[in-house]
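Close look at the chain arrangement
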Amino acid sequence: MSQYKLIALGRDEYLNSIERLKNDQSIRFANMSLDWWDKQYGWNQQGCFALTDAGNLHLCYIFYKIDRFHDYITIHNIFTPQAQRRHGYAQILLQLIFDLAITKDVKRFRLTSISTSLDFYLSLGLVYWGVNSVGDFYCDLPIPEDGLTGLKEMIRRLSVMDLIDTEFATINHKIKDHNLHLSAKQDAIYQGDLIKLKTNYLLNDFLKIREHRKIKTGAKLIIPR
């Protein structure tokens, strides 16, 4: 993996990079990521990173943000241009991003996955707590001490409570019964995805903990706004 490295891209550098894309779907997603980042954060902080090879070819892109307390690294968008797919570049990119987060003492990571991305994330071992307000699967986990390669073993070894740790309220706020309010089209996709996810979907485990907390406290959950 030493032949690969991460490079930071400013807005102009990102625009120059995606001008080389040929596939319509890749161009559309690259522009969507640009527009979303412009509106949400701007380019004065963090922005985009690209995975490059020894020839400085941009193989894969990621938009992420580490909060100021280093509690979370949030992965917003990751994509590989069509011409570069099927080479494992997205996994290499995530491995380097996890290693970077470890050097900065970041505690947890979170991301959302659409239905068509589940196969990739399942191959890495990700588990999900539920779906967010737009129906995307929500993942929120500790960062393994040995990075992305240690994810499957960490999930196997830790209990659900340990995986949640102190972030129960945060996770609950993100997934708060959104699975019950999907459109008919969304629900049909959702039900198919549940078959694919199997034990990698932890909603029922989370709901049991939530119900236990309600009974134990004798009060309604207070959800952060």
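Relevant structure appears above.
Residues numbered from 1 in each chain as written. Predicted model: local features only at pLDDT ≥ 70, side-chain atom pairs only at ≥ 80, totals over all residues. Heavy atoms only, no water.

**Considering the packing of aromatic side chains**
Each aromatic ring pair is summarised here by two numbers: the centre-to-centre distance and the angle between the ring planes. Rules: For Phe, Tyr and Trp, where Trp contributes only its six-membered ring, two rings pair if their centres lie within 6.5 Å, and the inter-plane angle classes them as stacked under 30 degrees, edge-to-face over 60, or tilted in between. Strands here are runs of E lasting at least two residues and helices are runs of H or I lasting at least four, both read from the DSSP assignment and numbered beginning at the N terminus. Only protein chains enter the accessibility calculation, which uses a 1.4 Å probe. A residue is then buried if its area is under 20% of the maximum for its type, exposed if over 50%, and partly exposed in between.
Applying the stated criterion to the full structure yields 20 aromatic pairs. When the ring of Tyr 14 is compared with that of Phe 63, the centres are 5.3 Å apart and the planes differ by 80°; the resulting orientation is edge-to-face. In this pair, Tyr 14 is assigned in helix H1 (residues 11–18) and Phe 63 in strand E3 (residues 58–66), connecting sequence segments 49 residues apart. Where Phe 49 meets Tyr 64, the ring centres are 5.5 Å apart and the plane angle is 35°; that geometry is what we call tilted. Linking Phe 49 in strand E2 (residues 48–52) with Tyr 64 in strand E3, this pair joins segments that are 15 residues apart in sequence. Summarising the burial analysis for this pair, Phe 49 and Tyr 64 share the class buried.

**Observations concerning the pattern of salt bridges**
Applicable threshold: The working definition used for a salt bridge is a side-chain nitrogen of Lys or Arg within 4 Å of a carboxyl oxygen of Asp or Glu.
As enumerated under the stated definition, the model contains 6 salt bridges in all. Of the charged contacts in the structure, one is a salt bridge between Asp 119 and Lys 196, with a shortest N-O distance of 3.3 Å. With a gap of 77 residues between them, Asp 119 in helix H4 (residues 118–124) and Lys 196 in helix H8 (residues 184–197) connect regions that are remote in the sequence. What makes Asp 119 partly exposed here is its relative accessible area of 48%.

**Let's talk about the pairing of strand E5 (residues 108–113)**
Definition in use: Pairing between strands is defined by DSSP: at least two bridges between the two strands are required.
Within E5, 5 of the 6 residues are buried, which leaves it mostly tucked inside the rest of the structure. As paired elements, strand E4 (residues 72–79) and E5 share 4 bridges and run parallel to each other. Considered in E5, the bridge of Thr 74 is made with Arg 110. Sheet analysis places E5 next to strand E7 (residues 137–142), joined by 6 bridges and oriented antiparallel. Bridge pairing in E7 links Leu 111 to Cys 139.

**Looking at H1**
Here is the rule: The arc in question is traced by the directions running from the helix axis to the C-beta atoms. Contacts were defined at the residue level, with two residues in contact if any of their heavy atoms lie within 4.5 Å.
Turning to H1, its buried residues number three or more, namely Tyr 14, Ser 17 and Ile 18. In a view along the axis of H1, the buried residues occupy a sector of 85°, so they form one face of it. Packed against the buried residues of H1 are strand E1 (5–9), helix H2 (24–40), E2, E3 and E4.

**Observations regarding the nonpolar core**
The test is simple: The nonpolar core is taken to be a set of buried Ala, Val, Leu, Ile, Met, Phe, Trp, Tyr and Cys residues, with the residues joined through side-chain atoms within 4.5 Å.
Judged by nonpolar contacts, the single largest core of 54 residues is most densely connected at Phe 109, Trp 129 and Leu 141. Among the elements that take part in this core, helix H3 (residues 89–103) stands out by supplying 9 residues, more than any other. Not counting residues within four places of it along the chain, the set of residues in contact with Leu 141 comprises Arg 108, Phe 109, Val 127, Trp 129, Leu 151, Met 154, Ile 155 and Leu 163. One finds Tyr 14, Leu 34, Trp 43 and Phe 63 within the second-largest nonpolar core, a separate group that totals 13 residues.

**Side note on H2**
Three or four residues apart is the spacing at which side chains of an α-helix point the same way, because the helix has 3.6 residues per turn. The test is simple: Take the number of residues in a helix, subtract one, and multiply by 1.5 Å to get its expected span.
Compared with an ideal rise of 1.5 Å per residue, which puts 17 residues at 24 Å, H2 spans 24 Å between its outermost C-alpha atoms and is within 8% of the ideal. All of the buried residues along H2 are Ser 26, Ala 30, Ser 33, Leu 34 and Trp 37. The buried side chains of H2 occupy one side of the element, clustering within an arc of 100° when seen end-on. Of the exposed residues in H2, the ones pointing more than 90 degrees away from its buried face are Asp 24, Arg 28 and Lys 39. Contact partners of the buried residues in H2: H1, E3 and E4.

**A word on the sheet that holds E3**
With respect to topology, 7 strands assemble into an open sheet ordered E1-E2-E3-E4-E5-E7-E6, the strand pairing being mixed. The open sheet terminates on both sides in strands that have one partner only, identified here as E1 and strand E6 (130–131).

**A short note on unusual backbone geometry**
Excluding glycine, residues mostly have negative phi values, and the peptide bonds linking residues are mostly trans. With a phi close to 60°, His 70 is a non-glycine residue in the positive phi region. Topologically, His 70 is positioned in the loop between E3 and E4. The phi dihedral of Asp 105 falls on the positive side, at around 60°, and the residue is not glycine. With respect to the helices and strands, the residue Asp 105 is situated in the loop between H3 and E5.

**Here's the deal with the environment of Asp 24**
Turning to its location among the elements, Asp 24 is positioned in helix H2. For Asp 24, a relative accessible area of 58% puts it in the exposed group. The sequence separation of Asp 24 and Pro 81 amounts to 57 residues, and the corresponding C-alpha distance is 9.9 Å.

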